[in-house]
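Structural features, examined
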Amino acid sequence: MNQIMKRILILTMTFFILEKASSQVVFGRNNGTSQQGLSVNYSSPKEYEIADIEVKGVQFLDNNALVSLSGLRVGDKIKVPGDEITSAIKKLWKQGIIGNVSIYASKIEGNKIWLVIELAERPRLTKYIIEGVNKTRQNEIEEKIGLIRGKVLTDVVIKNTELAVQSYMESKGFLNAEVNVFQQNDTVLRNSAYLKVVIDQGQKVKIRNIQFDGNEEFTSAKLRSKLKSTGVTPKFSLLTEGIEFAAKLLWPPNLISFIKGSKKVSKEEFREYMATHVNLNFFKAAKYVKEDYEADQDLLIGFYNSKGFRDAEIVSDTIYGISNKHVNINMTVEEGKKYYFRDIQWTGNYVYSDEQLQKILAIEKGDVYDLDLVNKKLNFNPNGVDISSLYMDDGYLFFSINPVEVGVSEDSIDLEMRIYEGAQATIDKVVISGNDKTNDHVILRELRTRPGDKFSRAELIRTQRELSQLGYFDPEQVNPVPIPDPINETVDIEWQLVERSNDQIELSGGWGGAFGFVGTLGVTFNNFSVRNITKPEKWRGLPVGDGQSLSLRFQANGRRFQSYSFSFVEPWLGGRRPNSFGISYSKSIQRSINFQSNETVGSLKVTGISASLGRRVRWPDDFFTASTGVSYQRYDLFQFGDRRLGFRTGDANSLTINATVARNSINQPMYPRNGSSISLSASFTPPYSLWRDLDYENATSQERYKWLEYHKWNFDTKYFLTLTGKLVLAARAHFGFLGSYSNEVGVGPFERFQLGGDGLTGQNFLLGTDVVGLRGYPNNSITPFDRENNIEGGTLFNKYVMEIRYPISLAQAATIYALTFVEGGNNWDRFADFNPYNVKKSAGIGIRIFMPAFGLLGIDWAYGFDRLPGALDNSGSQVHFSIGQQIR
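1. Here we look at the pattern of salt bridges
Going through the model one piece at a time under the given rule, you end up with 33 salt bridges. Taking the shortest distance from any N to any O, the salt bridge between Arg 634 and Asp 636 comes out at 3.1 Å. A relative accessible area of 30% means that Arg 634 is categorised as partly exposed. Of the residues examined, Asp 636 reaches a relative accessible area of 26% and is grouped as partly exposed. A salt bridge links Asp 860 to Arg 775; the shortest N-O distance between them is 3.5 Å. Highlighted residues: Asp 860 in strand 35 (residues 855-867) and Arg 775 in the loop between strand 29 (770-772) and strand 30 (785-786), separated in sequence by 85 residues. Both residues of the pair, Asp 860 and Arg 775, count as buried.

2. Section: helix 12 (residues 371-379)
Within the span of helix 12, buried status applies to Val 374, Lys 377 and Leu 378. In a view along the axis of helix 12, the buried residues occupy a sector of 100 degrees, so they form one face of it. Summarising the contacts, the buried residues of helix 12 are in contact with strand 11 (340-347), helix 11 (354-361), helix 13 (387-392), strand 12 (400-409) and strand 13 (412-420). A distance of 3.1 Å separates the backbone nitrogen of Asp 372 from a side-chain oxygen at the start of helix 12, and that oxygen is part of Asp 370.

3. Examining the sheet that holds strand 16 (residues 490-496)
Read across the sheet, three strands follow the order 14-16-15 without closing on themselves; strand pairing throughout is mixed. Taken across any chain shown, the strands that pair with only one partner, and hence form the sheet edges, are strand 14 (426-433) and strand 15 (479-485). On average, adjacent strands in this sheet sit at an angle of 20 degrees to one another, irrespective of strand direction. Strand direction decides the pairing type here: strand 14 and strand 16, joined by six bridges, are parallel. Of the residues in strand 16, the one forming a bridge with Val 430 is Ile 493. Its contacts with the sheet put helix 15 (residues 457-470) on strand 15 and strand 16, and the angle it makes with strand 16 is roughly 20 degrees.

4. Focus on the side chain of Glu 823
The topology assignment puts Glu 823 in strand 33 (residues 815-828). The class of Glu 823 is buried, set by a relative accessible area of 5%. In this structure the side chain of Glu 823 is engaged in a polar contact, spanning 2.6 Å, whose partner is the backbone nitrogen of Arg 775. Excluding residues within four positions of it along the chain, Glu 823 makes contact with Leu 774, Arg 775, Lys 799, Tyr 800, Val 801, Lys 840, Lys 841 and Ser 842.

5. Examining a negative patch on the surface
Where like charges cluster on the molecular surface, the negative patch consists of Glu 170, Glu 291, Asp 292, Glu 294 and Asp 298. No other element matches helix 10 (residues 290-306), which puts four residues into the negative patch. Using a relative accessible area of 35% as the deciding quantity, one classes Glu 170 as partly exposed.

6. Topic: the environment of Gly 348
Topologically, Gly 348 is positioned in the loop between strand 11 and helix 11. Separated by 71 residues in sequence, Gly 348 and Ile 419 have C-alpha atoms that sit 4.8 Å apart. For Gly 348, the contacting residues outside a window of four places in its chain are Ile 419 and Glu 421.

About the cut-offs
Residues numbered from 1 in each chain as written. Predicted model: local features only at pLDDT ≥ 70, side-chain atom pairs only at ≥ 80, totals over all residues. Heavy atoms only, no water. Salt bridge = Lys/Arg side-chain N within 4 Å of Asp/Glu carboxyl O. Buried < 20%, exposed > 50% of the residue type's maximum accessible area, 1.4 Å probe, protein only. Helix = DSSP H or I, 4+ residues; strand = E, 2+ residues; numbered from the N terminus. Arc of directions from axis to C-beta. Contact = heavy atoms within 4.5 Å. Polar contact = N/O pair within 3.5 Å; in protein donor to acceptor, adjacent residues only side chain to side chain. Pairing = 2+ DSSP bridges. Axes fitted to C-alpha atoms, helices over the stretch in contact; angles between N-to-C directions. Patch = residues over 30% accessible without salt bridge, like charges linked within 9 Å, V, L, I, M, F, W, Y side chains within 5 Å. Areas by Shrake-Rupley, 256 points an atom, 1.4 Å probe, with all protein chains shown as cover. Lys, Arg positive; Asp, Glu negative; His and termini not counted. Charge placed at Lys NZ, Arg CZ, Asp CG, Glu CD.

Function cannot be read off these values alone, since they describe shape.
Here it is, written out as structure tokens:
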């Protein structure tokens, strides 16, 4: 009993002491000690007027701003202790830039109190270090996390950095990556720290297989092919189809039976087996990225919807690891019922009738229900006309159409097309931005969207193409921005442009066979301004901005070979109409040298000048151009026997009238995705034999070819088609023919065709030779020889090319794309020998790099499948280098 009474007495005394102590605590101090002996009575709060507020411990932050954030003001009346002090501390903490905060009184006189806000700032970031990844990924992570030196380091900043790095690693397929962010004090700068980001990448996680359940209408292989990122990617979908096609042609059922340990299987089973076991994703390993996977699920449902399965859904999916670098996915789909279109009604249309709109929609009763197809036909159909373009090309910018399901009966659906036509919009203002070098008038003259015109989406797209074709702007960033004003029924159009350097310098070298090393120096200014040559104050480094083209070129091989050329083109002669004017001049000399005495024993000199006029025409459509010109070339030969020209000493003159008709609808010059180009050109010399008093049958070659007499035709066509995404099919065909007006005169030694190799002219242009490339065969190797007249070169050629291209980079600094190709061609001396199916075939791969300063550069590897005349084996493997955009 005594022990119990003692314990009760001790507890009572302890409670009394603690109660007395709590009534004397100094407010606001984290450590519980007093400041200058001042104390407050918590059991009896007292009201004070704030006489002054002082801030301590601050190095970078503004004192006045901190006082303002606290909510305390000089002259305010507060109770001590009271909620005002607690609230002020919470407000300062809330900013996230404070490491520690306390508020205490430094002095109390009467009813006035002097407050001190004492802070400890959070450290600021001086640098950050990323460990565990290569330099490329370090740079990418730096862009991802966006840390700025001098930033206050808070817990939120550190956590967000960790999450951003983790997200980046997952986007690269490193699902098991471990990321740790450590804050280290900076020993050099006060109140500063740096972050160390340590990354353990682990194994990259890829998808081994995707298995589907519940799919009855489509095979699992078919569904996998519809997954863009986690299935067979578009980049190699053609390759996949090629394997399947090969499986049909070279069907090995016994082999597959052996693999599967069963009897003969069907082709469908083979495709399923290939997709499941061989894993076609091998061609581009599919990384598991959550965002891409979710997007692919939407694509899969979109595919089902396009086949009429309007209610299809993914009811469940399971992702499980099978190793530290592979996962499998099981996906269960519920396909639902297949639906069909029944009745389609139109409402709100006054400009066009139901019949006109239904003809464009081209969906009949009983067709498989596909709402995506409907939206494509209504809003944007890349393969034809759509309802929106019908209206918007006629000025109805404010037009809208909304398809609504108004009836569902068993497997049929009724649609109602609800149209709002609105008023026709007139273009009010046209604004151009981003043209730092190019003058406004060069852009304005290309516009088809001008103030006062009715708005037209087709003309907007066409103007975008025309500006891209100029070459002065990045074609990927020619951006029209319509700014509609429905109240005034007008629209402003802003053309946002990004200039790109289009001037080029040519520094090249190559091996010219017997001529040795050939060097070239050339400059081309593609946005030149002649009128500003005498106005240095308007120069931007050079007189530029008027869209003219000026080219200077020099090529030499020591004493044996020199060539000089100059050309100038004005695309808008007079500035009012797109009538082009061009002029060029060239002079070249090639010498034959005795290697023992080092003396010149022969030479060939070529001097040429030409002028041309061209214009755009509106028939058959306004993609056509027509040009005419005149050119003169003089060939002077002195004991020149390096080439078989029919004579060694003498001169030849070529005066031609040239005409070209062309159509070009290619969307952009550097990496075309769609459109075509067709060109037919012809050159004619006067028929001198009609009035020359010369016996051609008995005349010498020197006399016969003094005035060259011929007609020459070239046909070139190109076609570009986007297969999927950025994958582009490029097809080309070329044909050339050189003929004479009479058999008595025959075809001369110049302007003939030489086929084979990279298509670089080297020094052959000195002989007036038309050099055509054919990869997979040595340069100029497919060249017939006229033994009767001792003349080298063909008079008739054809060439076919098929390429598949994929861009690696479409950046302004460099356009880079890879390609694979098949091509074939041949060259004949006589028309009687011509056979368009008798071609030398080849296939290969290559890459193209376009840099504004150097133009287009390329390298190809090709394999020639056929033998050259006189050869025992096929041409075989060949490597080719190319410079510039080649015509053929």
